[in-house]
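Structural characterization, general
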Amino acid sequence: MFGFALIVLLASWIFWLYPFLRKRFTGPKRESNVMAPRGKWGLLLQSAGIFFAWCWMPGTTPPGVARMVASMILAPLATVFGWLAVRHLGKQLRILAGLYPDHELIRTGPYSIVRHPVYASLFLIMLATGLLFAQWPFLLLAIALYIAGTEIRIAAEEGLLQSRFGKEFENYKASVPAYLPFLR
């Protein structure tokens, strides 16, 4: 069963990454008017969290059935949610926070559930990875680093959105959670 769970996880990661790699290497290069460079620190912490989710200690036994099943459910769910987010974001997709001259405030699809569905989907796939590979201390460290990085990136992005959209963004922020449903 571990082999099948691993295949599901790896396929999910490949499909999750595809729109971002496609945008990076084939998408039009658009210059943003305003950028939030401090988001790079958040990206670094998120990346560290993802690294620790992949930590497999030699000599450890494979995870139990419950963890493998949870991983096989979360990884494809994360991929679908991520693709929907990218689809609704469209030409505004960026790796680091920035605003384009024609930037719009997206509130449809997964953006009606959480303000940052890409981060939510990345959290889910990181969690699926950690459930399959990491021992609990590493998984907890991965979660903590990812959340810290996400909070930094959200602060950077939302500062830009607040400056551009003002009251419209405030209303959206008040009615839709950031990246974990049911948590404001």
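Residues numbered from 1 in each chain as written. Predicted model: local features only at pLDDT ≥ 70, side-chain atom pairs only at ≥ 80, totals over all residues. Heavy atoms only, no water.

1. A look at the overall build of the chain
In plain terms, the rule: Going along the chain from the N terminus, every DSSP run of H or I of four or more residues is numbered as a helix, and every run of E of two or more is numbered as a strand. The reference for a compact globule is 2.2 Å times residues^0.38; the radius of gyration itself is calculated from the C-alpha atoms. When checking whether two residues touch, look at their non-hydrogen atoms; a contact exists if any pair is within 4.5 Å. Each accessible area value is a Shrake-Rupley result obtained with a 1.4 Å probe; residue values ignore everything except the protein chains displayed when judging cover.
Summing up its helical and strand segments, the chain has six helices and two strands in all. The N-to-C order of helical and strand elements in the chain reads α-β-α-α-β-α-α-α. A globule of 184 residues ought to have a C-alpha radius of gyration of about 16 Å, and the chain, at 17 Å, matches this closely. Taking as baseline every contact in the chain between residues at least 6 positions apart, the subset at least 24 positions apart corresponds to 84%. Summed over its atoms, the accessible surface of the chain is roughly 9,800 Å², and 71% of this surface lies on carbon and sulfur atoms.

2. Some details on helix H2 (residues 39-53)
Test applied: What a helix should span is 1.5 Å times the count of its residues minus one. Between buried and exposed lies partly exposed: a residue is buried under 20% and exposed over 50% of the maximum accessible area for its type, with that area taken using a 1.4 Å probe on protein chains only. Note that the arc is computed from the directions linking the helix axis to the C-beta atoms.
In this model, H2 (15 residues) spans 21 Å end to end at C-alpha, consistent with the 21 Å of a helix rising 1.5 Å per residue. Looking at H2, one finds that the buried residues are Gly39, Gly42, Gln46, Gly49, Ile50 and Ala53. Buried residues of H2, seen end-on, are gathered within an arc of 100° and therefore sit on one face of the element. Those residues of H2 that are exposed and angled more than 90 degrees off the buried face are Lys40, Trp41, Leu44 and Phe51.

3. Quick word on a nonpolar patch on the surface
Here is the rule: Here the term patch refers to residues with relative accessible area over 30% and no salt bridge, with like charges joined within 9 Å and nonpolar side chains (Val, Leu, Ile, Met, Phe, Trp, Tyr) within 5 Å. Every case where a carboxyl oxygen of Asp or Glu lies within 4 Å of a side-chain nitrogen of Lys or Arg is listed as a salt bridge.
Among the surface-exposed residues, Met1, Val65, Val69 and Ile73 lie close enough to one another that they form a single nonpolar patch of about 360 Å² accessible area. Looking at the element boundaries, Ile73 is found in helix H3 (residues 65-89). Owing to a relative accessible area of 52%, Ile73 belongs among the exposed residues under this scheme.

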